Every structure is written in C-alpha cells, then in structure tokens.
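Examination of the molecular architecture
One-letter residues, chain by chain:
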Amino acid sequence: MGFRVVIDVDLCQGHGVCEMEAPDLFEVGRDHKVRLLEERPGEDQRRGAEAAVKYCPTHALKIEED
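Every residue gets a number counted from 1 within its own chain, in the order that chain's sequence is written. For a predicted model such as this one, the threshold for reporting local features is a pLDDT of at least 70, and the threshold for listing and counting side-chain atom pairs is 80 or more; totals across whole chains, interfaces and linings nevertheless cover every residue. The side-chain numbers reported here are obtained from all heavy atoms of the structure, hydrogens and water having been left aside.

Note on definitions: salt bridges are taken to be side-chain nitrogens of Lys or Arg within 4 Å of carboxyl oxygens of Asp or Glu. A full pass over the atoms with the stated rule returns 8 salt bridges. With its nearest N and O atoms 3.6 Å apart, the salt bridge here joins Asp 31 to Arg 35. A salt bridge links Arg 46 to Glu 50; its shortest N-O distance comes to 3.7 Å. You can see Arg 46 and its partner Glu 50 sitting in helix H2 (residues 46-55), 4 residues apart, about one turn around the helix. Only protein chains enter the calculation, and the probe is 1.4 Å; a residue is then buried if its accessible area is under 20% of its type maximum, exposed if over 50%, and partly exposed in between. Under the relative-accessibility criterion, Glu 50 is labelled partly exposed at 39%. One connected set of salt bridges, linked through shared partners, spans Arg 4, Glu 39, Lys 62 and Glu 64. Where helices and strands are cited, they refer to DSSP runs of H or I of at least four residues and of E of at least two residues respectively, numbered from the N terminus.

As structure tokens, this is what we get:
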C-alpha cells in the first residue's frame, strides 16, 4: 500500500517547514512556492512526509493513502 502527498497551493505560504522536514520531497523556491519533488514517495520517506504534514504551519499538506 502506498501513499501520495498533496499540497493545497492556496493555503501554502512558503514557510519552508516541509523542506526542512523532508528535503528529498519538498523544495521552496525563491518565489516562496513549494514544489513537490516526489508525488508518490516510497515507504522509506513516509516519516519525513508525515513530519512535514504535521508541522506545516498553514496545514497545506496532506497524505492520501492509495
């Protein structure tokens, strides 16, 4: 069973917490917009993805199970 990460771009303010928690999954550009580097990460990346979701100050991230 896999999962995917979803970003609500309307809620994201580009704080960069997701990038700090999971730099292999997220990148915040100079425009302060987050980019998802891996929409369907492997299970080995789940902890980072979950931490990014948990600590996102605007709750712009979520994990959807496949």
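Having seen the structure, we can now continue with the description.
As a further point, take empty space enclosed by the protein. Only protein atoms enter the 1 Å grid used here, on which a cavity is any set of points holding a 1.4 Å probe that cannot leave and a pocket is any open set flanked by protein within 12 Å on both sides along at least five of seven lines; residues with an atom within 4 Å of a point are listed as lining. Grid points are joined across faces, edges and corners, and a volume is the space filled by probe spheres set on the points. Going through the model one piece at a time under the given rule, you end up with 1 cavity of 30 Å³ or more. Roughly 90 Å³ of internal volume is contained in the largest cavity. Forming the boundary of the largest cavity are 13 residues, of which Cys 12, His 15, Gly 16, Cys 18 and Cys 56 lie nearest the centre. Residues were grouped as follows: Ala, Val, Leu, Ile, Met, Phe, Trp, Tyr, Cys and Pro as nonpolar; Asp, Glu, Lys and Arg as charged; and all remaining residues, including Gly, as polar. Split by residue class, the lining of the largest cavity holds 8 nonpolar, 5 polar and no charged.

With that settled, the discussion passes to H2. Listed as buried for H2 are Arg 46, Gly 48, Ala 49, Ala 51 and Ala 52. Those residues of H2 that are buried lie in contact with strand S1 (3-7), helix H1 (17-21), strand S2 (26-28) and strand S4 (61-65). When checking whether two residues touch, look at their non-hydrogen atoms; a contact exists if any pair is within 4.5 Å.

A word on unusual backbone geometry. Located in the positive-phi region is His 32, a residue other than glycine, with phi close to 65 degrees. Its identity as a non-glycine residue notwithstanding, His 59 has a phi of 55 degrees, on the positive side. With respect to the helices, strands and loops of the structure, His 59 is situated in the loop between H2 and S4.

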